[in-house]
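Each chain is listed here by its residues.
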Amino acid sequence: MYPDLEGKVVFITGGANGIGKAIGEAYGQAKANIVLADINEQALQKTQEAFAQTYGPSMIQTLPMNSTVENDVQHAITNAYKHFGGIDILINNAGVMDNMEAADRVPDDTWEHVFNVNVTGTMRVTRKMLELFQQQQQGVIVNMASITGLTGGRGGLAYTASKHAVVGMTKNIAAHYADQHIRANAIAPSQVPTAITQSGKTPDTYGMKAATKGLNLMPRAGTSEEIAHIALFLGSEHASFLNGAVIPADGGWSAY
Ligand SMILES: NC(=O)c1ccc[n+]([C@@H]2O[C@H](COP(=O)([O-])OP(=O)(O)OC[C@H]3O[C@@H](n4cnc5c(N)ncnc54)[C@H](O)[C@@H]3O)[C@@H](O)[C@H]2O)c1
């Protein structure tokens, strides 16, 4: 379906689990080379084994990387670049959630952690990758935002604000690098059952009630595979005229 992706190299942050892993699978099926960079080394190892078996060991590289740590990011991207001789597509997918706290009750440590991973981590990986993309005079960036990055009330304050920042970064990068044949777009999923949706250990009662008011209007939850199809399209030449777009992947929830 996407013959132009054959032999391309995709670098996926947070690729050991959930949506990132499904994106890796989709690119594997398109015969791309896959780099999965993730903080969870145990999950990386399991995913590496599964991918090596399905797509062949030469198609997959896994790299332990905490996207918030500059040295990790430098090391992982340099390593992947040397290994495959280039990187064509970056999927900024690593992300964490808050505990749905509304504005009057956000703990500082939650705010800092969510911003560190979702915003600073995305910036660090993008900054390093843009060095390479500019040398190549080509590259594609796909950022994993969220429907909370396009709407106001559907998450906690920290997560909502962090995903608005991801949307802003996407548009800023799209505008600033279009002349160098570098595109940046984002996907804004609603609910997709993965580990992250279970990660709020004790969801804040007030915030949870407020954020789920419109849940009965959500037609259904999505699947990681449905998000992966969009990431595959955005990385391919079929999306060559899309730049700075943020695509809601929510079955029409936010269209109402
Ligand atoms: N699942 C949903 O409902 C949903 C909805 C909208 C947006 N998203 C976004 O999709 C992305 C993927 O989430 P998911 O649902 O697959 O969750 P997940 O928890 O299954 O996967 C997230 C991955 O990111 C990794 N990660 C976390 N912090 C990291 C760091 N500092 N450095 C490197 N890797 C790190 C985790 O180890 C994990 O493998 C996130 O950005 C999330 O905000 C998810």
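Rules behind the numbers
Residues numbered from 1 in each chain as written. Predicted model: local features only at pLDDT ≥ 70, side-chain atom pairs only at ≥ 80, totals over all residues. Heavy atoms only, no water. Helix = DSSP H or I, 4+ residues; strand = E, 2+ residues; numbered from the N terminus. Expected span 1.5 Å × (residues − 1). Bend = angle between axes of the 7 residues up to and from the residue. Phe/Tyr/Trp six-rings, centres within 6.5 Å; stacked < 30°, edge-to-face > 60°. Buried < 20%, exposed > 50% of the residue type's maximum accessible area, 1.4 Å probe, protein only. Pairing = 2+ DSSP bridges. Axes fitted to C-alpha atoms, helices over the stretch in contact; angles between N-to-C directions. Contact = heavy atoms within 4.5 Å. Parallel < 35°, antiparallel > 145°, perpendicular 65-115°, else oblique. Left-handed = near helix turned anticlockwise from the far one by under 90°. Nonpolar A, V, L, I, M, F, W, Y, C, P; charged D, E, K, R; others polar. Near = heavy atom within 4 Å. Polar contact = N/O pair within 3.5 Å; in protein donor to acceptor, adjacent residues only side chain to side chain. Right-handed = clockwise from strand over helix to strand, strands pointing away. Salt bridge = Lys/Arg side-chain N within 4 Å of Asp/Glu carboxyl O.

J.: Tell me about helix α4 (residues 108–136), residues and numbers included.
T.: Structural remark: α-helix, 3.6 residues per turn; residues separated by three or four positions point the same way. End to end, α4 covers 40 Å across 29 residues, agreeing with the expected 42 Å (1.5 Å per residue, within 8%). At Asn116, α4 shows its maximal bend, which comes to roughly 40°. Of the residues trailing α4, Gln137 is marked for its positive phi of about 55°.

J.: Kindly report on the packing of aromatic side chains, identifying the contributing residues and their values.
T.: Scanning the model with the defined rule gives two aromatic pairs in all. Between Phe51 and Tyr55, the aromatic rings sit 5.5 Å apart at their centres with planes inclined by 80°, giving edge-to-face as the arrangement. Of the two residues, Phe51 and Tyr55 are both situated in helix α2 (residues 41–55); the distance of four residues between them amounts to about one turn of the helix. Under the relative-accessibility criterion, Phe51 is labelled buried at 1%.

J.: Which residues make up the sheet that holds strand β3 (residues 60–64), and what values do they have?
T.: As a general point, the strands of a sheet are linked pairwise by backbone hydrogen bonds and lie either parallel or antiparallel. Ordered by their spatial adjacency, seven strands build an open sheet running β3-β2-β1-β4-β5-β6-β7, and the pairing between neighbours is parallel. In the strand order of this sheet, the two ends are held by β3 and β7 (246–249), each with one partner. Within the sheet, the average angular offset between the axes of one strand and its neighbour, ignoring direction, is 15°. Where strand β6 (residues 182–189) and β7 come together, four bridges link them in parallel fashion.

J.: Could you give me a rundown of the environment of Val106, with the residues and numbers involved?
T.: Tracing the backbone through its elements, the reader meets Val106 in the loop between β4 (89–92) and α4. Beyond its immediate stretch of four places on either side in the chain, Val106 contacts Glu101, Trp111 and Leu157.

J.: Kindly report on the packing of α4 against helix α5 (residues 157–177), identifying the contributing residues and their values.
T.: Where α4 meets α5, the axes come as close as 8 Å, and the angle between the chain directions of the two elements is 15°. As judged from the angle between their axes, α4 and α5 are roughly parallel. As for the relative orientation of α4 and α5, their crossing is right-handed in sense. The residues of α5 that touch α4, namely those facing Trp111, Val114, Phe115, Asn118, Val119, Thr122, Met123, Thr126, Leu130 and Gln134, are Leu157, Ala158, Tyr159, Ala161, Ser162, Lys163, Ala165, Val166, Met169, Ile173 and Tyr177. Classifying every residue of the contact of α4 with α5 by side-chain character gives 15 nonpolar, five polar and one charged.

J.: Tell me about the site of the ligand, residues and numbers included.
T.: Close contacts around the ligand come from 27 residues, with Ile19, Asp38, Tyr159, Val192 and Thr194 the closest. Within the contact set of the ligand, a nitrogen atom lies 2.9 Å away from a backbone nitrogen or oxygen of Ser67. In the model, an oxygen atom of the ligand is placed 3.0 Å from a nitrogen or oxygen of the Lys163 side chain. Secondary structure elements with two or more residues in the shell around the ligand: α1 (18–29) and α5. Taken together, the residues of the shell around the ligand break down into 12 nonpolar, 13 polar and two charged.

J.: Can you break down the pairing of strand β5 (residues 139–144) residue by residue, with the values?
T.: Across a regular strand the side chains alternate sides, sitting on one face of the sheet and then on the other. Most of β5 is tucked away: six of the six residues are buried. Residue alternation in β5 divides its side chains into two sets, Gly139, Ile141 and Asn143 and Val140, Val142 and Met144, and both sets are buried. Bridge count for β4 against β5 is four bridges, and the pairing is parallel. Bridged to Ile89 within β5 is Val140. Between the parallel pair β4 and β5, the chain is carried across by α4, and the sense of this crossover is right-handed. The pairing of β5 with β6 spans six bridges and is parallel. Looking at the pairing, Gly139 lines up with Ile182 of β6.

J.: I'd like a rundown of the pattern of salt bridges, residues and numbers included.
T.: If the charged atoms of two oppositely charged side chains come close together, the side chains can form a pair. This structure, assessed with the given rule, holds five salt bridges. Measuring nitrogen to oxygen at the nearest pair gives 3.1 Å for the salt bridge that ties Arg124 to Glu70. With Arg124 in helix α4 and Glu70 in helix α3 (residues 70–84), the pair connects residues that are 54 residues apart, well separated along the chain. Judged by its relative accessible area of 24%, Glu70 is partly exposed. Taking the shortest distance from any N to any O, the salt bridge between Arg105 and Asp104 comes out at 3.0 Å. Assessed through its relative accessible area of 58%, Asp104 is described here as exposed. By sharing partners, the salt bridges in this structure join Glu70, Arg124 and Arg127 into a single network.

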